[in-house]
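Residue-level listing of the chains:
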Amino acid sequence: MSDLGPVDPGHAADAAWLRRWRLRQAGDPHTTASSTLIPVLTEEGAPAMLKIAHTDEEERGADLLAALDGRGAARILRRDGEAALMERATGPGDLVQLVRSGHDDAATRILCGAAAAIHAASADVLGGDQPPRLIGLQQWFRHLFERADELGPLYRRGADLAAALFDDPRDDVVLHGDLHHANVLDFGDRGWLAIDPKGLLGEQAFDYCNLLCNPSHERALVPGRLERQFGVVVDASGLEPDRLARWLVAWCALSSTWFVIDDDPAHAESAAAIGERALALLDAGRPGVSP
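Let me sum up the structure you'll find in this document. (Residues numbered from 1 in each chain as written. Predicted model: local features only at pLDDT ≥ 70, side-chain atom pairs only at ≥ 80, totals over all residues. Heavy atoms only, no water.)

## Some details on the overall build of the chain
And then number 1: A tally of helices and strands in the chain yields 13 helices and eleven strands.
And then number 2: In summary, the chain has a C-alpha radius of gyration of 20 Å against a globular reference of 19 Å for 291 residues, a match within 12%.
And then number 3: Along the first, second and third principal axes, the C-alpha atoms of the chain reach 65 × 45 × 40 Å.
And then number 4: Residues classed as buried in the chain amount to 47% of the 291 residues present.
And then number 5: Sequence separation of 24 or more characterises 63% of the internal contacts of the chain that already satisfy a separation of 6 or more.
And then number 6: Put simply, the chain shows about 13,200 Å² of open surface, and 49% of that area lies on carbon and sulfur atoms.
And then number 7: Here the chain holds 28 positive side-chain charges and 45 negative ones, and the gap between their average locations is 3 Å. (Helix = DSSP H or I, 4+ residues; strand = E, 2+ residues; numbered from the N terminus. Rg over C-alpha atoms; globule rule 2.2 N^0.38 Å. Buried < 20%, exposed > 50% of the residue type's maximum accessible area, 1.4 Å probe, protein only. Contact = heavy atoms within 4.5 Å. Areas by Shrake-Rupley, 256 points an atom, 1.4 Å probe, with all protein chains shown as cover. Lys, Arg positive; Asp, Glu negative; His and termini not counted. Charge placed at Lys NZ, Arg CZ, Asp CG, Glu CD.)

## Focus on the packing of helix 4 (residues 104–120) against helix 11 (residues 225–237)
And then number 1: Two numbers describe how helix 4 lies on helix 11: the axes approach to 9 Å, and their chain directions differ by 40°. Put simply, helix 4 runs oblique to helix 11. By crossing handedness, the relation of helix 4 to helix 11 is classed as right-handed. Taking contact as the criterion, the partners of D104, D105, T108, R109 and C112 in helix 4 are, on helix 11, R225, R228, Q229, V232, V233, D235 and A236.
And then number 2: Considering only residue class, the contact of helix 4 with helix 11 consists of four nonpolar, two polar and six charged. (Axes fitted to C-alpha atoms, helices over the stretch in contact; angles between N-to-C directions. Parallel < 35°, antiparallel > 145°, perpendicular 65-115°, else oblique. Left-handed = near helix turned anticlockwise from the far one by under 90°. Nonpolar A, V, L, I, M, F, W, Y, C, P; charged D, E, K, R; others polar.)

## Some remarks on helix 4
And then number 1: In this model, helix 4 (17 residues) spans 24 Å end to end at C-alpha, consistent with the 24 Å of a helix rising 1.5 Å per residue.
And then number 2: Those residues of helix 4 lying buried are D104, A107, T108, L111, C112, A114, A115, I118 and H119. In an axial view of helix 4, the angular spread of the buried residues amounts to 160°, which keeps them on one side of the axis. (Expected span 1.5 Å × (residues − 1). Arc of directions from axis to C-beta.)

## Overview of the environment of R75
And then number 1: Structurally, R75 is set in the loop between helix 2 (56–68) and strand 5 (76–80).
And then number 2: Taking relative accessible area as the criterion, R75 reaches 29% and is therefore assigned partly exposed.
And then number 3: A C-alpha to C-alpha distance of 31 Å links R75 and G231, two positions 156 residues apart in sequence.
And then number 4: Residues contacting R75, with those up to four places away along its chain left out, are D69, G70, L85, M86, E87 and R190.

## A few points about the pattern of salt bridges
And then number 1: Within this structure, the stated rule accounts for 23 salt bridges.
And then number 2: Among the ionic pairs, R75 bridges to D69, the shortest N-O distance being 3.8 Å.
And then number 3: Given a relative accessible area of 46%, D69 falls into the partly exposed group. (Salt bridge = Lys/Arg side-chain N within 4 Å of Asp/Glu carboxyl O.)

## A few points about the sheet that holds strand 7 (residues 135–136)
And then number 1: Ordered by their spatial adjacency, three strands build an open sheet running 7-11-8, and the pairing between neighbours is mixed. Each edge of the open sheet is held by one strand with a lone partner, namely strand 7 and strand 8 (172–175).
And then number 2: As judged from the four bridges shared by strand 8 and strand 11 (residues 200–203), these two strands associate in the antiparallel manner. Note that in strand 11 the partner of V173 across the bridge is G202. (Pairing = 2+ DSSP bridges.)

## Examining the side chain of R225
And then number 1: You can see R225 is positioned in helix 11.
And then number 2: Exposure remark for R225: the relative accessible area of 7% places this residue in the buried category.
And then number 3: Here R225 is in contact with D104, H181, L211, L212, N214, P215, R219 and A220, once residues within four sequence places are set aside.

## Here's the deal with the nonpolar core
And then number 1: Ranked by size, the top nonpolar core spans 68 residues in total, and within it L137, F141, F206, L244, W247 and L248 carry the most contacts.
And then number 2: Broken down by element, this core gets its largest block of residues, ten residues, from helix 12 (residues 241–261).
And then number 3: W17, L23, I38 and L50 belong to the second largest nonpolar core, which has eleven residues in total. (Core = buried A, V, L, I, M, F, W, Y, C linked by side-chain atoms within 4.5 Å.)

## A few points about the layout of surface pockets
And then number 1: There is about 390 Å³ of room inside the largest pocket.
And then number 2: If you go around the largest pocket, you meet 23 residues; those closest to its centre are D178, W251, S255, W258 and F259.
And then number 3: Of all the secondary-structure elements, those providing two or more residues to the lining of the largest pocket are helix 12 and helix 13 (265–279). (1 Å grid on protein atoms, 1.4 Å probe; cavity = no way out; pocket = protein on both sides within 12 Å on 5 of 7 lines; lining within 4 Å. Points joined across faces, edges and corners; volume = space filled by probe spheres on them.)

If you want it as structure tokens, here you go:
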């Protein structure tokens, strides 16, 4: 195995994929409950990322990446079951650092561009020979609908807003489902591309909500920040402000619900605080964005 580079002895199954696809390990593996990521070089010396999915959600995300075929997202190079080999981001840009350096608006516009590229590919993705498995947004919101009454007024308001949005549907598009500053990376000549999609199907406005709560809840709650970035999103996307605000409240209520379920009260509280602030956007119209 020396020709394929060092392999963590604790990852025998991962090593089998390295051998099968003749990959050279180029960094330490990173393992979470949902997947293992291993930076590699292909047999031709190209940088790539080997991802071994541990959950159905991760496999569904890889299905969507394969169907997108590089449009707005990282390109899948090889795929077999739980294993996916994808292009690796090697550019110097970092959206979190962009925000920290005072370029919050620019980071938001980059995220909006990635979302738009994914949404624009919807017809090809859904009309392909092997369309990916996708989860509808109504199913995605099930935990909020189940827990809203016991959790409090914001959650009930978020659930009611979500239900009303579902009762007045707009055209469904392919959704990333988890767009934020750490999930859109610099791929050099290929530009800024998304990784780690959830693989959802629903109204495009939903995909812009999570980025407004990032790169951290603390940043999102800086006075005036949510309102300004909301305006940047509306300007970049052309979305209806009131409808986006409704999705944002609903998303914050859902996100907070998940933190409650995960026994993370601090993040549950901060996600709810963003939702409370988002309520003020419902009737505020479009916040201004200076040039």
